[in-house]
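Per-entry structural report
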Amino acid sequence: MTTKVFRIFILLLLAVIISCPQFASAMAEITSFSQSTGTVAYQGNSVPGYVSFELKTSEPTRGYILAVGNGVQTKINLSTMDYKTVHKVDWVPWDDTKKTPLPAGEYQLKAYMTDQGYNQLSGYPLGKLTVVSEPNPKPVIDQVSVNPAVFSPAYGGASTVKIPFNLNRPAEVQLVIWQNGAEIYTGSKTKLLPGSHSVSWNGTDKMGRIVQDGSYEIHFKYIETAFNYPATTPSGIKAGTVTIKDSDYDIPQWRLQQVVTNAVFHSDTISPDGDGVNDKASGQFTLAEPAKLSIFIANAAGAHVNKVVNEQTFPAGTHTLEWNGTDFMGGKAVNGNYFIKVQVIEGANSGYITFTDTVKYEGGYEIKALQPEKRVRVITDTASLSIDPMGQGYTAVKGDTFPLISETIESGKYHVLVKEGVSGTINASDVELVVETTAPNIPNTTEYTVVSGDTLWKIAAKFNTTISEIVRLNNLDPNKYLYIGQKLKVPAAGSPEPVRDPVIHTVQSGDTLWKIAQKYGTTIDAIVKANNLDPAKHLYIGQKITIPSEATNPEPPAVQPVIHTVVSGDTLWKISVKYGTTIDAIVKANNLDPAKYLMVGQKLTIPR
């Protein structure tokens, strides 16, 4: 075959191949294009903040739109991987290269598409888009409200707080709840279009447990989805607050009573002395349904002394328990009454129920209050105590009184008897010493009916008696509230005479015993005796000082004074005791400032 004939053969073959439909390949065409707006602004307010494009092709394609103008060109990706015939995209005017908003001006839009046969359509004109500057940008999320603003999440309920908001641009949105700088709840991420939306929160934390009462911050995390690139780092805004009040933070008592119907000890006393008698306390508890439990032995203040069952699941029915009389550390418990305290655990929630049956611990360490009894009264709305064992918490309210175990204030705290067999400490700044007047010894009593606002202190003052006497006559627990209509026995004193309340001075910066005595027209000695003070020790700011109602007249100076030479360890108190005189008399005789230290060798005139 000649070369000429071969060339003709090849040409005819190509013509046949091209004419066959299965070998034909036509370039896809753009069949339609639309855009939601002709004018757009970055974070627009007066004009839209984004634009929606829709481009259709006759064959599946992928590609992008190129925005060209103002010395800038930037891609608007339609589809970078998948071939489609319909391309929809939301876009904000953003320069991907410089990572800044596009400058204001007019931009030409051109399509660059590729079909599955790798045929390209380049620079197909689509129209134009005007970008303007926005002087008053609009945030992604606004118009946030909380309904209700005060929310009480209930155990086992479906109650929620709704949080409506407006979305100005397409975004992936996530609700986050904060408290004290920490995230306590994170909702699911949801991609949303602009418009009105709402999210809900059921008052639980990340573990699914209902949160405690308090104020909580509402935050939104969001990622704008109309940017040309896939953002991974969310932005965030604080959108408001919601108040949680009366929440079922612990499983409510009605539910606990449904689960645990009873718990009792088999014996009345426990005395683990190794004699084989009452060395252990056994008991039982009854469940109406299967439950996961921890069981504690609690003291009279509700503090846990030992754990006898640790997160164990029991079937319905009656089960036994046993306590060997030790605390968490393996040491002996303190003498007193002890209770069975059951913790029910249901998923992330738990709650405690304490049963009234008691076992009395005997033969151990005894905690006793000072004798004669002295008390402190809570003067703040609430006061936190650290109680034994292991410094557990206990909350007292205004008006509660506690017997002192020691009059010494250590590290700003009093050591008090909280309940029978339970000691603890309370801030001295939260209490005042209870000063009781001496009641006359009247054997007869009369009945008094408690009215609104009454306290033991007020009733004792009204009838010229003491709190201790009223407590003794009525066998009261002074830590419990009186109730309106309650009948009390009080000493019959003919007609009650009001007793003047003592004046309480709170120590301020710069105060000394001398200054306080001068202010109230009394003497240092009278203040020292009324408060059982050591005048050599410094006062501290916030200390409560009882001012005697009647000033003690300082003793007159002796006609023939004695001269005392100060030696090491001397104080005005010691010197006054040594010579049978008063601190006031020594101060006045020597024109001293009692707040200043004495000097060894100093000469003092001692009035006689």
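Please read all numbers here as calculations on a predicted model, not as lab measurements.

1. Describing helix 8 (residues 583–590)
What sets the pattern is the α-helix's 3.6 residues per turn: residues three or four places apart point alike. With six of its eight residues buried, helix 8 lies for the most part within the structure. Listed in full, the buried residues belonging to helix 8 are Ile 583, Asp 584, Ala 585, Ile 586, Val 587 and Asn 590. One or two positions beyond helix 8, positive phi appears at Asn 591, with a value near 55 degrees.

2. As for the sheet that holds strand 25 (residues 349–361)
Here we have five strands laid out as an open sheet, ordered 19-25-24-21-22, and mixed in their pairing. Every interior strand has two partners, whereas the edge strands, strand 19 (269–270) and strand 22 (304–314), have only one. Relative to strand 24 (residues 336–346), strand 21 (residues 291–298) runs antiparallel, the two being bridged by seven bridges. Across the sheet, residue Ala 298 finds its bridge partner in strand 24, namely Phe 339.

3. Describing the environment of Trp 94
Mapping Trp 94 onto the fold places it in strand 5 (residues 94–95). Judged by relative accessible area, which is 10%, Trp 94 ranks as buried. Residues Trp 94 and Tyr 50 lie 44 residues apart in sequence; the distance between their C-alpha atoms is 10.0 Å.

4. Quick notes on the packing of aromatic side chains
Inspection of every chain in the model, using the stated rule, returns 16 aromatic pairs. Ring centres of Tyr 42 and Phe 227 lie 6.5 Å apart, and the angle between their planes is 75 degrees; this geometry places the pair in the edge-to-face category. Here Phe 227 lies in the loop between strand 16 (214–224) and strand 17 (235–244) and Tyr 42 lies in the loop between strand 2 (39–41) and strand 3 (51–69), a separation of 185 residues in the sequence. Given the relative accessible area of 23%, Tyr 42 is considered partly exposed. Judged by relative accessible area, Phe 227 falls into the buried class, the value being 14%.

5. Here we look at the pairing of strand 22
In this structure, strand 21 lies alongside strand 22, joined through seven bridges in antiparallel fashion. Bridge pairing links Ile 297 to Asn 306 in strand 22. Here strand 21 folds back onto strand 22, and the loop between the two strands holds five residues, one of which, Gly 302, carries a positive phi near 85 degrees.

6. Observations concerning the nonpolar core
Val 260, Phe 285, Leu 287, Leu 293, Trp 323, Tyr 338 and Val 342 are the most contacted members of the largest nonpolar core, which has 30 residues in total. Every element with two or more residues in this core is listed here: helix 2 (253–259), strand 18 (260–265), strand 20 (281–287), strand 21, strand 22, strand 23 (317–323), strand 24 and strand 25. What Leu 287 contacts, discounting residues up to four positions off in sequence, is Val 259, Val 260, Leu 293, Phe 314, Pro 315, Ala 316, Gly 317 and His 319. Formed by 22 residues, the second largest nonpolar core is a distinct cluster that contains Ile 163, Ala 171, Trp 201 and Val 211.

7. Concerning unusual backbone geometry
Residue Pro 148 follows Asn 147 across a cis peptide bond; omega there is 0 degrees. Residue Asp 388 is joined to Pro 389 through a cis peptide bond whose omega torsion reads 0 degrees. Along the polypeptide, Pro 389 turns up in the loop between strand 27 (382–387) and strand 28 (392–397).

8. Thoughts on the pattern of salt bridges
For the structure on display, the rule yields 14 salt bridges. With a closest N to O distance of 3.3 Å, Glu 420 and Lys 360 form a salt bridge. Here Lys 360 lies in strand 25 and Glu 420 lies in the loop between strand 30 (413–419) and strand 31 (422–427), a separation of 60 residues in the sequence. Measuring nitrogen to oxygen at the nearest pair gives 3.0 Å for the salt bridge that ties Lys 374 to Glu 407. Placement of the pair is Lys 374 in the loop between strand 25 and strand 26 (375–378) and Glu 407 in strand 29 (residues 401–410), with a sequence separation of 33 residues. Its relative accessible area of 33% is what places Lys 374 among the partly exposed residues. One continuous salt-bridge network, built from bridges that share partners, spans Glu 183, Lys 206 and Lys 221.

9. What to know about the pairing of strand 17
Bridging between strand 10 (residues 150–151) and strand 17 involves two bridges; their strand directions are parallel. Within strand 17, the position partnered with Phe 151 by the bridge is Ile 244. Inspection of the sheet shows strand 16 paired to strand 17 by nine bridges, in the antiparallel sense. Bridged to Tyr 222 within strand 17 is Ser 235.

10. Focus on the sheet that holds strand 11 (residues 161–167)
To summarise the sheet geometry, strands pair through backbone hydrogen bonds and adopt either a parallel or an antiparallel arrangement. Spatial strand order, 9-11-15: three strands in an open sheet with antiparallel pairing. Each having just a single partner strand, strand 9 (141–142) and strand 15 (195–201) make up the two edges of the open sheet. Relative to strand 15, strand 11 is paired through seven bridges, and the arrangement is antiparallel. Its bridge partner being in strand 15, Phe 165 is matched across the sheet by His 197.

11. Let's talk about the environment of Asn 262
Secondary-structure assignment places Asn 262 in strand 18. Overall, the relative accessible area of 36% leaves Asn 262 in the partly exposed class. Measuring from C-alpha to C-alpha, the distance between Asn 262 and Phe 285 comes to 5.5 Å, with 23 residues separating the pair along the chain. Among all residues touching Asn 262, those that are not within four sequence positions of it are Gln 284, Phe 285, Thr 286 and Phe 355.

12. Thoughts on the side chain of Ser 267
As for its placement among the helices and strands, Ser 267 is situated in the loop between strand 18 and strand 19. A residue is classified by how much of its surface remains accessible, and Ser 267, at 18% relative accessible area, is buried. Side-chain polar atoms of Ser 267 contact the backbone oxygen of Thr 269, separated by 3.5 Å. Apart from the residues lying within four places of it in its own chain, the contact partners of Ser 267 are Asn 278, Lys 280, Ala 281, Ser 282, Thr 358 and Val 359.

13. Things to note about the confidence of the model for the protein chain
Atomic detail in the predicted coordinates should be set aside for any region of low pLDDT. This prediction gives the protein chain a mean pLDDT of 85; 88% of its residues lie at or above 70. Below a pLDDT of 50 lies the segment residues 14–25, which in the model reaches two contacts outside its immediate sequence neighbourhood of four places, other chains included. Counting interchain partners and residues more than four positions distant, the pLDDT-below-50 stretch residues 494–499 has ten contacts.

Thresholds, definitions, all that
- Residues numbered from 1 in each chain as written.
- Predicted model: local features only at pLDDT ≥ 70, side-chain atom pairs only at ≥ 80, totals over all residues.
- Heavy atoms only, no water.
- Buried < 20%, exposed > 50% of the residue type's maximum accessible area, 1.4 Å probe, protein only.
- Helix = DSSP H or I, 4+ residues; strand = E, 2+ residues; numbered from the N terminus.
- Pairing = 2+ DSSP bridges.
- Phe/Tyr/Trp six-rings, centres within 6.5 Å; stacked < 30°, edge-to-face > 60°.
- Core = buried A, V, L, I, M, F, W, Y, C linked by side-chain atoms within 4.5 Å.
- Contact = heavy atoms within 4.5 Å.
- Salt bridge = Lys/Arg side-chain N within 4 Å of Asp/Glu carboxyl O.
- Polar contact = N/O pair within 3.5 Å; in protein donor to acceptor, adjacent residues only side chain to side chain.
- pLDDT = per-residue confidence, 0-100.

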